[in-house]
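Residues per chain are reported as follows:
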Amino acid sequence: MKTQIKPCKKIQVSNNDLLCLYQYQYEKYPINYSQLTSKLQKHLQSSSDRFEYKAKKYQIHQTESDNLRLLVIGLGPKKSVNNDLWITATYKMLEQANTLRAKNVALIIENSFLRQSLEGINFASYRFDGLFQKQDRDKLSSLSRVDLCTDHPQVNSMIKEQSAVFEAVALARDLVNLPANIVTPKYLEKEASKIANQPGVSLKVIDLKQAEKLKMGAFAAVARGSREPARMLILEYKGAAKSKEKIGIVGKAITFDSGGISLKPPKGMGEMKTDMGGGAAALATFKAVVSLGLKVNLMVAIPATENMPGGNAYKPGDILTASNGKTIEVVSTDAEGRLVMSDALVYLQKQGADKLIDIATLTGACIVTFGHIHTALMTNASDWKDSLLKASAHTGEKFWELPMDQEYGELIESDICDMVNAVESREAGTITAGKLLEQFIEEDSKWLHLDIAGTAFHTKKQKYYGKYATGIPIRTLIELIKGEQNK
Ligand code: BES
Ligand code: MN
Ligand code: ZN
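Everything numeric here is computed off the predicted structure, so don't read it as measured data.

Reading the values: the criteria
Residues numbered from 1 in each chain as written. Chains lettered and ligands numbered in written order. Predicted model: local features only at pLDDT ≥ 70, side-chain atom pairs only at ≥ 80, totals over all residues. Heavy atoms only, no water. Donors = N, O, S within 2.8 Å, 3.2 Å for Na, K, Ca; no water. Tetrahedral: all angles 85-135°; square planar, octahedral: opposite > 155°, others 65-115°. Patch = residues over 30% accessible without salt bridge, like charges linked within 9 Å, V, L, I, M, F, W, Y side chains within 5 Å. Areas by Shrake-Rupley, 256 points an atom, 1.4 Å probe, with all protein chains shown as cover. Salt bridge = Lys/Arg side-chain N within 4 Å of Asp/Glu carboxyl O. Lys, Arg positive; Asp, Glu negative; His and termini not counted. Charge placed at Lys NZ, Arg CZ, Asp CG, Glu CD. Helix = DSSP H or I, 4+ residues; strand = E, 2+ residues; numbered from the N terminus. Buried < 20%, exposed > 50% of the residue type's maximum accessible area, 1.4 Å probe, protein only. Contact = heavy atoms within 4.5 Å. Near = heavy atom within 4 Å. Polar contact = N/O pair within 3.5 Å; in protein donor to acceptor, adjacent residues only side chain to side chain. 1 Å grid on protein atoms, 1.4 Å probe; cavity = no way out; pocket = protein on both sides within 12 Å on 5 of 7 lines; lining within 4 Å. Sits in = over half its atoms within 2 Å of the grid points. Nonpolar A, V, L, I, M, F, W, Y, C, P; charged D, E, K, R; others polar. Expected span 1.5 Å × (residues − 1).

A. Up close: the coordination of the manganese ion (ligand 2). Within the protein, Asp 257 (OD), Asp 334 (O), Asp 334 (OD) and Glu 336 (OE) serve as the donor atoms for the manganese ion (ligand 2), at 2.1 to 2.3 Å. One way to put it: the six donor atoms around the manganese ion (ligand 2) meet at angles of 71 to 170°, and that makes the site irregular. A separation of 3.2 Å is found between the manganese ion (ligand 2) and the zinc ion (ligand 3), both of which receive a donor from Asp 257.

B. Quick peek at a negative patch on the surface. On the surface, a cluster of negative charge is contributed by Asp 405, Glu 407, Glu 410 and Glu 413. Relative to the helices and strands, Asp 405 is located in the loop between β16 (399–401) and α12 (406–410).

C. The coordination of the zinc ion (ligand 3), seen in detail. The zinc ion (ligand 3) binds to the protein through Lys 252 (NZ), Asp 257 (OD), Asp 275 (OD) and Glu 336 (OE), with metal-donor distances spanning 2.0 to 2.4 Å. Its six donor atoms give the zinc ion (ligand 3) angles of 78 to 173° at the centre, a pattern that matches the octahedral case. Here the donor residues of the zinc ion (ligand 3) are spaced in sequence according to K-x4-D-x17-D-x60-E. Residue classification places Glu 336 among the buried residues on the basis of a relative accessible area of 1%.

D. Examining the side chain of Lys 385 more closely. The topology assignment puts Lys 385 in helix α11 (residues 382–395). On the basis of relative accessible area, Lys 385 is assigned to the buried category, the value being 15%. With residues near it in sequence (within four places) discarded, Lys 385 still touches Leu 377, Thr 379, Glu 401 and Leu 448.

E. Geometry of the site of ligand 1. In the neighbourhood of ligand 1, 16 residues make up the surrounding shell, with Asp 257, Lys 264, Asp 275, Asp 334 and Gly 364 lying closest. Here Lys 252 contributes a side-chain N or O atom positioned 3.2 Å from an oxygen atom of ligand 1. One of the side-chain nitrogen or oxygen atoms of Asp 275 is found 2.9 Å away from a nitrogen atom of ligand 1. Coverage of ligand 1 by the protein chains reaches 80% of its 520 Å² of free accessible surface. At a threshold of 2 Å from the grid points, most atoms of ligand 1 map onto the largest pocket. Class assignment for the residues of the shell around ligand 1 results in five nonpolar, four polar and seven charged.

F. Representation of the pattern of salt bridges within the structure. Taken as a whole and assessed by the stated rule, the structure comprises 22 salt bridges. Between Lys 287 and Glu 167 there is a salt bridge whose closest N-O contact spans 3.7 Å. Placement of the pair is Lys 287 in helix α8 (residues 277–292) and Glu 167 in helix α4 (residues 155–177), with a sequence separation of 120 residues. Taken together, the shared-partner salt bridges in this structure form one network comprising Arg 115, Glu 119, Glu 161, Glu 397, Arg 475, Glu 479 and Lys 482.

G. Main features of helix α9 (residues 337–350). Under the 1.5 Å per step criterion, the end-to-end length of α9 is 20 Å for 14 residues, consistent within 8% with the ideal 20 Å. Taken across its 14 residues, α9 has 13 buried, putting it largely inside the fold. A positive phi of about 100° marks Gly 352, the residue just after α9.

Quick look at the structure:
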């Protein structure tokens, strides 16, 4: 069941079974505690004295008065409270509310943290329940409604906006969490067609045969080894008919990456069901941009295929010709992401997209470098990058730029054609993948490459993400595109 979020000016205790408050360390009482009835105030005074509650970071204080349960969360010292901390505190409160099996929760917030409160609530209301025959009732969310006590003038529009954002994020997280026998290229096509079923939106589906006709030799090579039919999904949204500008997003959607003939080792191979995380993020970003009705033109290309060692599979040593005519020597069939993406990037530029973003779970080396903390960022346009970093300051998603010096390009030179698809020594693994993609970017295109190999998915709980798929970097991309309106 989806948790409803409702604004309320004044708290109505009888409507709720749990009341949540935030408190700064070294302050005596919770934020906006004056809004409580005098009875509750008195109760809180006596109980907080009794327990000597310090409101240290994420320290929880629980008490009860007249059938109403009260939950206070500590924020730590006021000067060190930031957006991320507020989101995390909200998330932890609602997690606790769930443990307490609360149904109707009220939250008394600080107006300046309205957005972060909504983000915390929305993060807490996402869960992937798995595919058990019988659902464990205790694991299911009990929360049905959250009342948000604030007199912020934009509360209604903010609730709506964040709901649209998180609905898209939830779609992507589900797609990443679900296994590869369910999330196939055809399944992604079905999800895309649900979004395209709206005015101003169109979907074009390119299958393997058409891809070959369009001379997408790199995408087609990867797709050939699998029995599961491949799809290049092209979504278009025209939200700014008068403008010539067009943003293009490419998302890698390898629905299962076995490595192909350069087969991966068995340990952990199941995790490669998440190798469509970039495609899911591109689809989700598109979905949110459409539902928010942003005034931009956006085109998304999702090259979707398995990477399998079938009898017709491409082989190490093969030389492929991509749709811009460039030739690629296959050193490893496990470096498949950059291949399918190169044809998608060429396609979007042919369609007039001049501001490009690509998103991919591209290299294991990226996890070696950044763990699960930063998304690796490579670019040819510092102003486009600045816009992304500005957007990321609002969402808390972290990006870190890697160098793209010409010397790195020398590592992907081939003796017999334009480039190799993989560097056997594995040096600069993340950057050389970026350098290959750069070969498919025209000079007048602004381009951002985001390697989300570490950040799209994590088997440990982190901050407010919970286990498994995180939805990174969807929220930042939506924020970035929001800023592209009226430009
Ligand atoms: N999908 C993988 C990258 C990956 C690995 C993502 C682990 C998430 C977790 C990608 O297709 C791949 O196999 N990359 C190779 C490239 C190499 C052959 C040059 C890698 O990183 O080992
Ligand atoms: Mn691979
Ligand atoms: Zn891959």
